[in-house]
Amino acid sequence: MARLLGELSVRLEENGRMWALLEPLEYRVGGADSSQVVEVPEGFRTDLASVPWFGRWLVSSWKGNAKAAVVHDYLYAAHGRRRYGYTRSQADGVFLEALGVTGARHRWLMWGAVRLWGGTAWRRNGQKDPDAL
C-alpha cells in the first residue's frame, strides 16, 4: 500500500482561502517502498480539498482528505515540470489512491468530481511558469 509521510502542518494565509505548508509532505505512489515519490515542498500553497459550499455537509475539505488533496494540488501545479510528468488522468489516479490511504469515506465521489471539473484547474496551472512553484 502507498504511504503518506509527514504530518500535515499548515498556516492559513491572510486572504483566508489559501494554506501554506509549514513542513514538506511526501507521498510514495503505489507502495511503501516505491521509488515513485511526490515531494510537496514546505511553503507550497493549497486550498486543501476544493469542496463547493453545497457539498460541505457530505465531504470535508480537511478531515481525512487534506493530505491527499495537497498531493493532488501539487501534481496539478507541477504538471509542467519534467520531474512530475503525470498526465491529468494519472494525477487524478494518484489522488484516488491517496484518498484510499487516508481512509476517506467518499473517495470515489471526490475522484469523480475532479475527473468532471478538474480540467479548468489543470489548464490554468499549465499556463504558469513551472519553475515558480
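Bear in mind that the values here come from a model prediction, so they are computed numbers and not experimental data. (Residues numbered from 1 in each chain as written. Predicted model: local features only at pLDDT ≥ 70, side-chain atom pairs only at ≥ 80, totals over all residues. Heavy atoms only, no water.)

**Q** What should I look at first to understand the packing of aromatic side chains in this one?
**A** For any pair of aromatic rings, the description consists of the separation of the ring centres together with the inter-plane angle of the planes. One pass over the structure, following the stated rule, counts 3 aromatic pairs. A centroid spacing of 5.1 Å and a plane angle of 85° characterise the contact between phenylalanine 44 and tyrosine 74, whose relative ring orientation is edge-to-face. Separated by 30 residues along the polypeptide, phenylalanine 44 in the loop between β5 (37–40) and β6 (45–46) and tyrosine 74 in helix α1 (residues 66–77) bring together distant segments of the chain. With respect to burial, phenylalanine 44 and tyrosine 74 carry one shared label: buried. (Phe/Tyr/Trp six-rings, centres within 6.5 Å; stacked < 30°, edge-to-face > 60°. Helix = DSSP H or I, 4+ residues; strand = E, 2+ residues; numbered from the N terminus. Buried < 20%, exposed > 50% of the residue type's maximum accessible area, 1.4 Å probe, protein only.)

**Q** Where do I start with the side chain of threonine 46 in this structure?
**A** Following the sequence through the fold, threonine 46 ends up in strand β6. In this structure threonine 46 comes out as buried when scored by relative accessible area, which is 1%. Of the polar contacts made by the side chain of threonine 46, one reaches the side chain of aspartate 73; its length is 2.5 Å. If near-sequence neighbours (up to four positions away) are discounted, threonine 46 is found in contact with Arg17, Met18, Trp19, Leu21, Val70 and Asp73. (Polar contact = N/O pair within 3.5 Å; in protein donor to acceptor, adjacent residues only side chain to side chain. Contact = heavy atoms within 4.5 Å.)

**Q** It is not clear to me how the packing of α1 against helix α2 (residues 88–102) should be interpreted in this structure. Could you clarify?
**A** If you want to describe how two helices pack, look at the angle between their axes and the distance between the axes. Axis separation between α1 and α2 bottoms out at 8 Å; the angle between their running directions is 165°. In terms of their interaxial angle, α1 and α2 are classed as roughly antiparallel. α2 is crossed by α1, and the crossing has right-handed handedness. Judged by residue contacts, Lys67, Ala68, Ala69, Val71, His72, Leu75 and Tyr76 of α1 engage Arg88, Ala91, Asp92, Val94, Phe95, Ala98, Leu99 and Thr102 from α2. (Axes fitted to C-alpha atoms, helices over the stretch in contact; angles between N-to-C directions. Parallel < 35°, antiparallel > 145°, perpendicular 65-115°, else oblique. Left-handed = near helix turned anticlockwise from the far one by under 90°.)

**Q** Can you help me understand the confidence of the model for the protein in this one?
**A** If pLDDT is low for a region, its predicted coordinates should not be looked at in detail. Per-residue confidence for the protein gives a mean pLDDT of 78, with 76% of residues at or over 70. Per-residue pLDDT stays below 50 along residues 129–133; that stretch engages in 7 contacts with residues further than four places along the chain or on separate chains. (pLDDT = per-residue confidence, 0-100.)

**Q** Please explain the pattern of salt bridges as it appears in this structure.
**A** When the charged atoms of two side chains with opposite charge come close together, those side chains can pair. Within this structure, the stated rule accounts for 4 salt bridges. With a closest N to O distance of 3.3 Å, glutamate 26 and arginine 28 form a salt bridge. Arginine 88 is paired through a salt bridge with aspartate 92; the nearest N and O atoms lie 3.8 Å apart. Taken together, the residues arginine 88 and aspartate 92, both in helix α2 and 4 residues apart, mark about one turn of the helix. Residue arginine 88 is classed as buried on the basis of its relative accessible area of 18%. Looking at aspartate 92, the relative accessible area reads 0%, which means it is buried. (Salt bridge = Lys/Arg side-chain N within 4 Å of Asp/Glu carboxyl O.)

**Q** It is not clear to me how the sheet that holds strand β2 (residues 10–12) should be interpreted in this structure. Could you clarify?
**A** Sheets are built from strands paired through backbone hydrogen bonds, the pairs being either parallel or antiparallel. An order of β2-β3-β6 is seen for the 3 strands of this open sheet, with the pairing classed as antiparallel. Each edge of the open sheet carries a strand with a single partner, namely β2 and β6. Examined bridge by bridge, strand β3 (residues 19–21) and β6 share 2 bridges and lie antiparallel to one another. Bridging from a neighbouring strand, alanine 20 pairs with arginine 45 of β6. (Pairing = 2+ DSSP bridges.)

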